[in-house]
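Geometric and topological summary
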Amino acid sequence: AQSVTQPDIHITVSEGASLELRCNYSYGATPYLFWYVQSPGQGLQLLLKYFSGDTLVQGIKGFEAEFKRSQSSFNLRKPSVHWSDAAEYFCAVGWGKLQFGAGTQVVVTP
Amino acid sequence: DGGITQSPKYLFRKEGQNVTLSCEQNLNHDAMYWYRQDPGQGLRLIYYSQIVNDFQKGDIAEGYSVSREKKESFPLTVTSAQKNPTAFYLCASNVVLGSQEQFFGPGTRLTVL
């Protein structure tokens, strides 16, 4: 069965510290992979996407993600977190019709 | 500017009433989607449509209905058969062939009293 797992429901990080959000998937073939961010009461905004090629992809707002086929993972990273990065982050996989993880809530402390 | 609009932002209805949520896109996208979002459950697909006059059930279609009479519009009706309709509803769209990236509207928060 196809699935997307974000193991961390909630992460607290200090401003200026690094952030890594995990995403693992189970799919028949390597799907399209996405990370989205959602501020409270808003829609989702695409941070980055992976289809093929270089397994390290750069996105907006200083985020990057690394695709590891052997681990079926697509983890999101940011070297230095800003207070404005506090939000909920969703990993999504699929072909056209996407399957979303349950999300990771990120809290940024001063 | 191209994008997806959803209206209204907030919607209140009495239990037992049907309610229709609007979703319009001017991105010329073929496919449109409706998701329901509840705390801690991520996004769950209700219905999707890849072409005008055709649509498919998603994972939680019971108690919902849709239509796709125009490419740019994909309204969702929450019927009285939906047992727990209070939620945040998101509409999205993408091209059928291409990057697969879905673009999202701002959402409608429905509260059934």
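The structure displayed is predicted, hence computed values, not measured ones.

1. Structural notes on the state of the cysteines
All names here are of chain A. Taken as a whole, this structure holds two disulfides over all chains when the rule is applied. Residue C23 pairs covalently with C91 via a disulfide, S to S 1.9 Å. Since a negative S-S torsion denotes a left-handed disulfide, the C23-C91 link at about -65° is left-handed. Residue C23 is located in the loop between strand 3 (19-21) and strand 4 (24-26), and its partner C91 is located in strand 10 (residues 87-95); the two are separated by 68 residues in the primary sequence.

2. Quick notes on the interface of chain B and chain A
Interface extent is often summarised as the accessible area lost during association of the parts. With 21 residues of chain B at the contact, the number on the chain A side is 19 residues. Counting each side, the surface lost to burial between chain B and chain A is near 1,500 Å², with a carbon and sulfur contribution of 55%. Inspection of the chain B/chain A interface yields one salt bridge. The salt bridge involving K49 of chain A is made with E101 of chain B; its shortest N-O contact spans 2.8 Å.

3. Observations regarding the packing of aromatic side chains
All chains considered together, the criterion is met by 16 aromatic pairs over all chains. An angle of 25° between the planes, with centres 4.7 Å apart, marks the rings of Y50 of chain A and F67 of chain A as stacked. Placement of the pair is Y50 of chain A in strand 6 (residues 44-50) and F67 of chain A in strand 8 (residues 64-68), with a sequence separation of 17 residues. Grouping aromatic residues by their ring pairs yields a cluster made of Y32, F34, Y36, F51, W95 and F100 of chain A together with Y33, Y35, Y48 and F104 of chain B. Here the guanidinium or amino end of R68 of chain B rests over the ring plane of F74 of chain B, the centre of that ring lying 6.0 Å away.

Rules and cut-offs
- Position numbers for residues count from 1 along each chain, tracking the sequence in the order it is written.
- The order in which chains are written sets their letters, starting at A; the order in which ligands are written sets their numbers, starting at 1.
- Since the coordinates come from a predicted model, pLDDT governs what is reported: local features require at least 70, and pairs of side-chain atoms require 80 or more to be given and counted, while whole-chain, interface and lining totals use all residues.
- Side-chain numbers come from the whole structure's heavy atoms, not from hydrogens or water.
- Two cysteine sulfur atoms form a disulfide, by the criterion used here, when they sit within 2.5 Å.
- Each helix corresponds to a stretch of at least 4 residues labelled H or I by DSSP, and each strand to a stretch of at least 2 residues labelled E; elements are numbered beginning at the N terminus.
- By definition, residues are in contact when any of their heavy atoms lie within 4.5 Å.
- By convention, the term buried area covers the 1.4 Å-probe accessible surface removed from two parts as they join, with the contributions of both added.
- Should a side-chain nitrogen of Lys or Arg be within 4 Å of a carboxyl oxygen of Asp or Glu, the pair is scored as a salt bridge.
- Here a Phe, Tyr or Trp ring, Trp counted by its six-membered ring, pairs with any other such ring whose centre lies within 6.5 Å, and the pair is stacked when the planes are under 30 degrees apart, edge-to-face when over 60, and tilted otherwise.
- Throughout this description, the term charge over a ring refers to an Arg CZ or Lys NZ atom that lies within 6 Å of the ring centre and within 35 degrees of the ring normal.

Just geometry here; none of it tells us what the structure is for.
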